[in-house]
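# Coordinate inspection notes
As a plain string of letters, each chain reads:
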Amino acid sequence: MRNVFAHLFCEQNMRTKPALILLSIGLLLALNISPFVMAEESGEKAQQSMTRIMMMPPEAEVTGMHVDANGNFFVNAMHPDEDNYKATIGVINGIDWNNLPEVVPELDASSKAEDIWHGIRTSYGDYQVILQTGDALSQGGVAGGIYSVDDDAQILISKKPDYNAFVPINADGTHGYLYTAWEDRPAGLSQMEIEWDVSTSEWSVLGGKMLNLSSIDGGWVFCFGSMSPWGSPLFSEELYFDNTQYWNDDSFRYHSDQTKLENYLGHYPNPYDYGYIVEIENASTSEPDYMRHLAMGRFSHENAAVMPDEKTVYLTDDGYDTVLFKFVADTAGDLSAGTLYAAKVNQDASRDSATTGFDVEWIEMASSSNSEIRTWIEEYDSITTDDFISGQNSYISDEEINDWAEDRLNKDLNGDGNVGYALDDRVAFLESRKAAAAIDGTDEWNKMEGVAFNENAPEYLYLAMSRIESAMTDGQDDIDLTQNSCGIVYRMTMSEQWNVNRIEPAIVGGPYTSSAQYECDVNNLAGPDNLLVLDDGRVLVGEDTNKHESNMVWLWEDLSEPFKPSGTISVDYVNLITTPIDKNSTWDYSFRTEVNDLEVGASYTAVIIIKEFGFEDWKGVWWWNNIETDGQQYDHAFSLPRGCYSISTSLYESQDLSSDAKNATILSDATFEFVIGMGTCTDGIYSEEIIQNNENEDTNADIEDGDDENIPGFGIMLCLMGIVGASFIVTRKN
């Protein structure tokens, strides 16, 4: 079975997995490849391996999970039992988590926190404490200390260290800054300078400080995070303030948080200043800069996952009845401007949460930039508690959200007989969750947590749902599943341009026993929160639950047999359509190809090429997309001059071709030789009987060609198409 592109490479004789040159990959952009979907109708769970690798002290949540380029695994214990333990930032030494063995030792569930002074137990490697809440810092203050902008008065000491990001400042990654989020109201960021000590096989702490965030008016509940492909830490503001109307109501039950933020700032806070992704710029310096990306929407951000194109970003919304968002930047590597989307899901025809998945489409909300949104936010700067009137709203009202949605959809949504109008798109970026719901985005996720991706294992993104309940199980709207109080980790597949098109359960928590003291089985997942995808595709899952006695970190591996699509392709015929009056002009022919023996649920693509014997140019190339059912046929007409030709067809699985074109496997191929004209072909040379007319003119002479190496090539037009396409592919792959 020979790949039709094989001869375009220096590597000859490649068969099942040949390489495509950039020129042919460029042509691939013309594809409109259908997403690969494999339906799970059996109700059986996939084979998988769950290995318990860490346990936390009592009451402590697993946070801060981050694996750096050298395989160092940073992980924290947030808010443990205060009587016996401190909140801890640390790292597992002695293990390269980017290069794990096939089998990793498991930590026994009977392990006790009191066996070690900090209560953090590991099955593999040694846990080193780097910093704990309240530790004195070399540049003043204490770890977790939040200090007011105007007089440096201590407002609180946080016990909630969350996301860690290690930024190296030397070439081998053994010296750098460890940034840690402190998940409070107001929030904090610490910067610790650490260096690997080969003599002790531990990290040395060279210095540290709590960073001054006054340039962005502080932070609000910095939660989980991620590293951008260009090396900047991205921290997430977990807003947890669903109804902005009550922000300036001093009788509201959570108003003390706004009071602390007011004390931090020295003035009453604007709610629209908080609830975004914050990027740490110049992170390899001791004085970094901060950029709050308003264009990525305002909601309860858990974290952001930036795709390898450096434009597409997936954003999770932590809370109840929330939305999955996507952001596409205008410029690669610059998150300051772009377009925000909300996911709309179509559930499978089943309810079992352990097996039921969703098809995904994306609803465009609006496009804007940090600078434009900032001008809208400033309109609310002067509002204080003095402006609150019960029953009224000092901020963006539900009526304004409805008017924006009606304007966006050109539709009367509230039944008043009118279509509303909005002067701008502020609603989409300042009240993103409500705006998404108003234009029919799915707002039922419960309770959404982290999203994770690794470009070295690019087949899937993973999405944590700590519980499946409430709006996901109420029998209404887009999602209606059976309840799973122990949670599920979903995995999401992508089509072209890193576009998520499918969500399916991958790791299913439980079983759940309501009568037990700790309701979720100790030997399986409960309350998934932090996620990390390792280079080999295995997934680390950190828990945040009270349904296990101790929260744990699990190493998950999918052991199910990989999907192996199959199918056959054939050329049914090549037929003459019309004979030209001038036989030296082009002749009209048509061909038909057909596929059979396809796997149900798979999507295929065929490449069809016509060549003339002895010539390098391809005389025609067609991409047949969206092949899904047996017996599908593809007919096409073409025009060529007389000669000896062949038509070659190759069948691929669409996802395989789009994700790794140069190594895509040919499932089936077929070649059909044919003659155009009234002559015959011998050894690839076309000839006709010479006929003399009255003027002794030759109607035709032997048509000969050079050699018969049968090496495919491109015409000028195809080359230009390939070059343009290749430039886009290179950008994506980088």
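Scope of this entry: the structure provided in the associated data block. (Residues numbered from 1 in each chain as written. Predicted model: local features only at pLDDT ≥ 70, side-chain atom pairs only at ≥ 80, totals over all residues. Heavy atoms only, no water.)

Quick look at the overall build of the chain now. Within the chain, the regular secondary structure consists of 8 helices and 39 strands. By the burial criterion, 56% of the 734 residues in the chain qualify as buried. For the chain, long-range pairs separated by at least 24 residues make up 64% of all intrachain contacts whose partners lie at least 6 apart in sequence. Of the accessible surface of the chain, which amounts to about 30,500 Å², a share of 45% is contributed by carbon and sulfur atoms. (Helix = DSSP H or I, 4+ residues; strand = E, 2+ residues; numbered from the N terminus. Buried < 20%, exposed > 50% of the residue type's maximum accessible area, 1.4 Å probe, protein only. Contact = heavy atoms within 4.5 Å. Areas by Shrake-Rupley, 256 points an atom, 1.4 Å probe, with all protein chains shown as cover.)

Our focus in this paragraph is the packing of aromatic side chains. What the rule picks out here adds up to 35 aromatic pairs. Both rings, one in Tyr163 and one in Phe235, keep their centres 5.6 Å apart while their planes meet at 70 degrees; by these two values the pair is edge-to-face. A residue pair is termed long-range when its members are at least 10 positions apart, and Tyr163 in strand β9 (residues 161-168) and Phe235 in strand β14 (residues 233-237) qualify at 72 residues. Since its relative accessible area comes to 2%, Tyr163 is described here as buried. Lys326 extends its terminal NZ or CZ atom over the ring of Tyr341, reaching a point 4.9 Å from the ring centre. (Phe/Tyr/Trp six-rings, centres within 6.5 Å; stacked < 30°, edge-to-face > 60°. Lys NZ or Arg CZ within 6 Å of the ring centre and 35° of its normal.)

A word on the sheet that holds strand β2 (residues 61-67). Adjacent strands of a sheet form backbone hydrogen bonds with each other and so pair up, either parallel or antiparallel. Across the sheet, which stays open at both edges, the 4 strands sit in the order β2-β3-β4-β6 with antiparallel pairing between neighbours. Since the sheet does not close on itself, it has two edges, and those belong to β2 and β6 (126-132), each with one partner. Neighbour-to-neighbour, the strand axes of this sheet turn through a mean angle of 25 degrees, independent of strand direction. Across 6 bridges, strand β4 (residues 88-93) lies against β6 in antiparallel orientation. In the strand pairing of β6, Val91 is matched with Gln128. (Pairing = 2+ DSSP bridges. Axes fitted to C-alpha atoms, helices over the stretch in contact; angles between N-to-C directions.)

Here we take up the pairing of strand β11 (residues 188-197). Each regular strand displays side chains that alternate between the two surfaces of the sheet. Pairing of strand β10 (residues 175-182) with β11 involves 8 bridges; the strand directions are antiparallel. Residue pairing for β11: Gly176 is matched across the bridge by Ile194. Counting the residues in the hairpin turn of β11 and strand β12 (residues 202-210) gives 4 residues, including Ser201, whose phi is positive at 55 degrees.

This part takes up the pattern of salt bridges. Summed over the entire model, instances satisfying the criterion amount to 26 salt bridges. Two residues, Glu379 and Arg426, come together in a salt bridge whose shortest N-O distance is 2.9 Å. Placement of Glu379 in the loop between α3 (370-377) and α4 (398-409) and of Arg426 in helix α5 (residues 426-430) is noted, with a sequence separation of 47 residues between them. (Salt bridge = Lys/Arg side-chain N within 4 Å of Asp/Glu carboxyl O.)

In this structure, Asn270 sits in the loop between α2 (255-265) and β15 (277-281). For Asn270, a relative accessible area of 2% corresponds to the buried category. At 2.9 Å, the side chain of Asn270 forms a polar contact with the backbone nitrogen of Tyr272. Among the polar contacts made by the side chain of Asn270, one reaches the main-chain carbonyl oxygen of Ile377 at a distance of 2.9 Å. (Polar contact = N/O pair within 3.5 Å; in protein donor to acceptor, adjacent residues only side chain to side chain.)

Of the pockets and cavities examined, the second largest pocket occupies roughly 940 Å³. At the level of elements, β2, β9, β13 (222-227), β17 (301-306), β24 (448-452) and β28 (528-533) are the ones that each hand at least two residues to the lining of the second largest pocket. A per-class count over the lining of the second largest pocket returns 22 nonpolar, 12 polar and 4 charged. (1 Å grid on protein atoms, 1.4 Å probe; cavity = no way out; pocket = protein on both sides within 12 Å on 5 of 7 lines; lining within 4 Å. Points joined across faces, edges and corners; volume = space filled by probe spheres on them. Nonpolar A, V, L, I, M, F, W, Y, C, P; charged D, E, K, R; others polar.)

Attention shifts here to α3. If you check which residues of α3 are buried, you get Asn370, Ile373, Trp376 and Ile377. Viewed along the axis of α3, the buried residues span an arc of 120 degrees, placing them on a single side of the element. The inward-facing, buried residues of α3 contact β16 (289-293), β21 (334-347), β22 (358-369) and α5. (Arc of directions from axis to C-beta.)

What follows concerns the state of the cysteines. Going through the model one piece at a time under the given rule, you end up with 2 disulfides. The disulfide bridge from Cys644 ends at Cys681, spanning 1.9 Å between sulfur atoms. Residues Cys644 and Cys681 are joined by a disulfide whose S-S torsion is about -105 degrees; by sign, that bridge is left-handed. With Cys644 in strand β36 (residues 643-653) and Cys681 in strand β38 (residues 680-682), this pair connects stretches of sequence that are 37 residues apart. Given a relative accessible area of 4%, Cys644 falls into the buried group. (Disulfide = S-S within 2.5 Å.)

Turning next to the environment of Leu531. Checked against the element boundaries, Leu531 lands in strand β28. Residue Leu531 is classed as buried on the basis of its relative accessible area of 2%. The spacing of Leu531 and Ala452 is 79 residues in sequence and 5.8 Å in space, taken between C-alpha atoms. Not counting the four nearest positions on each side in its chain, Leu531 is found in contact with Met65, Phe224, Gly450, Ala452, Tyr462, Leu463, Ala464, Val489, Leu540 and Val541.

Across the sheet, which stays open at both edges, the 4 strands sit in the order β34-β33-β36-β37 with antiparallel pairing between neighbours. Only two strands of the sheet have a single partner each, and these edge strands are β34 (618-627) and β37 (668-676). Across the sheet, the axes of successive neighbouring strands diverge by a mean angle of 15 degrees, strand direction being ignored. Inspection of the sheet shows strand β33 (residues 604-612) paired to β36 by 9 bridges, in the antiparallel sense. Within β36, the position partnered with Thr605 by the bridge is Tyr652.

Over its 12 residues, α4 extends 16 Å from the first C-alpha to the last, a length consistent with the 16 Å expected when each residue adds 1.5 Å. Those residues of α4 that sit buried are Ile401, Asn402, Trp404, Ala405 and Glu406. On its buried side, α4 packs onto β22, α5 and α6 (432-438). At the C-terminal side of α4, Asn410 shows a positive phi close to 55 degrees. (Expected span 1.5 Å × (residues − 1).)

Turning our eyes to something else, we now look at the side chain of Asp184. Topologically, Asp184 is positioned in the loop between β10 and β11. Buried charge without a salt bridge: Asp184, with Lys160 as the nearest opposite-charge side chain at an N-O distance of 4.4 Å. At 2.7 Å, the side chain of Asp184 forms a polar contact with the side chain of Ser158. (Lys, Arg positive; Asp, Glu negative; His and termini not counted.)

Summarising the element assignment, Ser495 is placed in the loop between β26 (488-494) and β27 (500-508). Judged by relative accessible area, Ser495 falls into the buried class, the value being 10%. A distance of 3.4 Å separates the side chain of Ser495 from the side chain of Asn501, its partner in a polar contact.

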